[in-house]
Amino acid sequence: MANPIWIMTSAFDQLNLEQTIEKASEIGVQGLDLCVFRRDGTRDDFVATHLDYENFGPADASRLIDQFNTASLRLSIGAFENLIGGDPEQRIKNQNHLLRLIRMAYLLGGDENDVKVGTFVGYNHELGNQNGGFEKNLLKYQKIFAPIIKYAEDLGVTILYENCPMEGWRSSGYFGTYNNLPGVLAARKLMYELIPSPNHGEIYDPSHDIWQHTDPVEVIRHTDMNRLKRIHVKSTRNNPDPYWGNMYPMHQIPADWAKKAGISSSTNPWDRHHYEATLPGFGLGDNLDWRAFVNILKDKGFTGPFEIENEALLSKQTGKMGAIVQGCKAAVQNLAPLLYSLSDEGWTYPTEAYKPLVQVDRKDIPLRTMDELL
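How each quantity is defined
Residues numbered from 1 in each chain as written. Predicted model: local features only at pLDDT ≥ 70, side-chain atom pairs only at ≥ 80, totals over all residues. Heavy atoms only, no water. Buried < 20%, exposed > 50% of the residue type's maximum accessible area, 1.4 Å probe, protein only. Helix = DSSP H or I, 4+ residues; strand = E, 2+ residues; numbered from the N terminus. Arc of directions from axis to C-beta. Pairing = 2+ DSSP bridges. Axes fitted to C-alpha atoms, helices over the stretch in contact; angles between N-to-C directions. Contact = heavy atoms within 4.5 Å. Patch = residues over 30% accessible without salt bridge, like charges linked within 9 Å, V, L, I, M, F, W, Y side chains within 5 Å. Areas by Shrake-Rupley, 256 points an atom, 1.4 Å probe, with all protein chains shown as cover. Salt bridge = Lys/Arg side-chain N within 4 Å of Asp/Glu carboxyl O. Phe/Tyr/Trp six-rings, centres within 6.5 Å; stacked < 30°, edge-to-face > 60°. Lys NZ or Arg CZ within 6 Å of the ring centre and 35° of its normal. Core = buried A, V, L, I, M, F, W, Y, C linked by side-chain atoms within 4.5 Å. Polar contact = N/O pair within 3.5 Å; in protein donor to acceptor, adjacent residues only side chain to side chain. Parallel < 35°, antiparallel > 145°, perpendicular 65-115°, else oblique. Left-handed = near helix turned anticlockwise from the far one by under 90°. Nonpolar A, V, L, I, M, F, W, Y, C, P; charged D, E, K, R; others polar.

Caption draft 1: Representation of helix H10 (residues 290–299) within the structure. Considered for burial, the residues of H10 that qualify are Trp290, Phe293, Val294, Ile296 and Leu297. With its buried residues spanning 160° around the axis, H10 presents them on a single face. When the buried face of H10 is taken as reference, the exposed residues oriented beyond 90 degrees from it are Arg291 and Asp299. Following H10 by one or two positions, Gly301 has its phi on the positive side, about 80°.

Caption draft 2: Local environment of the pairing of strand E5 (residues 159–162). Here E5 shows two buried faces, one formed by Ile159 and Tyr161 and the other by Leu160 and Glu162. Two elements, strand E4 (residues 117–119) and E5, share three bridges in a ladder whose sense is parallel. Note that in E5 the partner of Thr119 across the bridge is Tyr161. Relative to strand E6 (residues 200–204), E5 is paired through four bridges, and the arrangement is parallel. When the sheet's bridge partners are listed, Leu160 is paired in E6 with Gly201.

Caption draft 3: Molecular detail of the sheet that holds E6. The strand order around the closed barrel built from eight strands is E1-E2-E3-E4-E5-E6-E7-E10, with neighbouring strands paired in parallel fashion. Recorded for the sheet is a direction-independent mean angle of 30° between the axes of neighbouring strands. Each of strand E3 (74–78), E4 and E5 touches helix H3 (residues 88–107); the most contacted strand, E4, lies at about 160° to it. Packing against the sheet, helix H6 (residues 185–194) makes contact with E5 and E6, and its axis sits at approximately 165° to E6.

Caption draft 4: Inspection of a nonpolar patch on the surface at higher detail. Together, Phe175, Met247 and Tyr248 give the surface a local cluster of nonpolar side chains, amounting to about 400 Å² of exposed area. Mapped onto the fold, Phe175 is located in the loop between E5 and H6. Taking relative accessible area as the criterion, Phe175 reaches 53% and is therefore assigned exposed.

Caption draft 5: Here's a closer look at the packing of aromatic side chains. Overall, the coordinates contain 14 aromatic pairs when judged by the stated rule. Residues Tyr141 and Tyr161 carry aromatic rings whose centres are separated by 6.0 Å and whose planes lie at 75° to one another, so their mutual orientation is edge-to-face. One end of the pair, Tyr141, is in helix H5 (residues 133–154); the other, Tyr161, is in strand E5, and 20 residues separate them in sequence. Above the face of the Tyr174 ring, Arg170 is positioned so that its terminal group lies 3.8 Å from the ring centre. Positioned above the aromatic ring of Tyr192, the side-chain terminus of Arg227 is 4.3 Å from the ring centre.

Caption draft 6: Up close: the nonpolar core. Membership of the largest hydrophobic core comes to 105 residues, with the highest contact counts inside it found for Phe12, Phe68, Ile77, Ile102 and Phe145. Considering every element that reaches this core, the biggest residue donor is helix H11 (residues 321–339), with 11 residues. The residues contacting Ile102, other than those within four sequence positions of it, are Val117, Ile148, Tyr151, Ala152, Leu155, Val157 and Ile159.

Caption draft 7: Spotlight on the side chain of Arg103. Residue placement: Arg103 occurs in helix H3. Arg103 gets classed as buried once you look at its relative accessible area, which sits at 7%. A distance of 2.9 Å separates the side chain of Arg103 from the backbone oxygen of Ile365, its partner in a polar contact.

Caption draft 8: Representation of the packing of helix H1 (residues 17–27) against helix H2 (residues 58–70) within the structure. Where H1 contacts H2, the two axes come as close as 11 Å, and the packing angle between them is 25°. One element, H1, and the other, H2, form an angle in the roughly parallel class. H1 and H2 meet at a crossing whose hand is right-handed. Touching Leu17, Glu18 and Ile21 of H1 are Leu64, Gln67 and Phe68, all from H2. Here the contact of H1 with H2 is built from residues that sort into four nonpolar, one polar and one charged.

Caption draft 9: Representation of the packing of H10 against H11 within the structure. Packing of H10 against H11 leaves a shortest axis separation of 10 Å and a crossing angle of 50°. On the basis of the axis angle, H10 is oblique to H11. Helix-helix and strand crossings are classified by hand; for H10 and H11 the assignment is right-handed. Across the interface between the two elements, Trp290, Arg291, Val294 and Lys298 from H10 touch Leu335, Leu338 and Leu339 from H11. Residue composition of the contact of H10 with H11, grouped by class: five nonpolar, no polar and two charged.

Listed below in structure tokens is the structure:
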């Protein structure tokens, strides 16, 4: 079975849904992972809201399925926030928003249509700073997510965690940059033990492990493939630093100290680790052997989508739509010979592999909130 290539729509925050679908057709992908972030959320990096989550009902779900079938696209939805730590008021809003997305996925067919819900878990640093803080975060995760996953399971919906550590989520004045619990494979393995439901799994992004000097091929070799549902297509070019090394994050120090000593220092929370975000096949090389990575996934029977998450410095971060589209096209062309068979048209996704979404005609259900589940 040929793996489809999708796009995560955070790259197209400048566009509405209809315009994003047009770009998807131009680029030549088979699906969209629709970002549905809270409009009143606190994140301002690589976020987008491509569905009206406040008024979404069965009729909207039916229209969306027709719209995507007309474009020969499939879909998932997601929003990626801190659900177990951070500001308590925002935390509850993020939890309730995830419940809203689970309801939306249910109306869209859930697992029947492979409509998954992407999320972060986040991290609670008040607990993390204590002795045994990692264990305490796992227990906090279990308390919050056990009822959420039970709710999703009852509705036939699967939740997926992305493995980004969100290293820039705190001020450079703090020592640690581990801000999302599923940022390492060990945590994900423990999470599935704490909540054994089949209705949660993962979106694996190899770029995050590359700057942590971890081989994504080995991560996949030790991954439970029943949990792996999506792969993020994103690269990292590591830039060794002689002053700070490459194990611990760079720190914020007074600018005059850094100038006098002739060293680099952190000027914003996202520059603390020494790497550049890239897209495979576009502009810069990276530190991942994509052929070896795709081959291990094939060997282990992965059949899910490869989703382009475009945060590349030379593409998304330019702010130019032409460069954003160009980067996505390059990633598609880079992956095509690794994923598809050769035909007279070249290395292309077989059109017969596409399956339209099913009109499920789900009855409406009321919104649930965390105070009702806990």
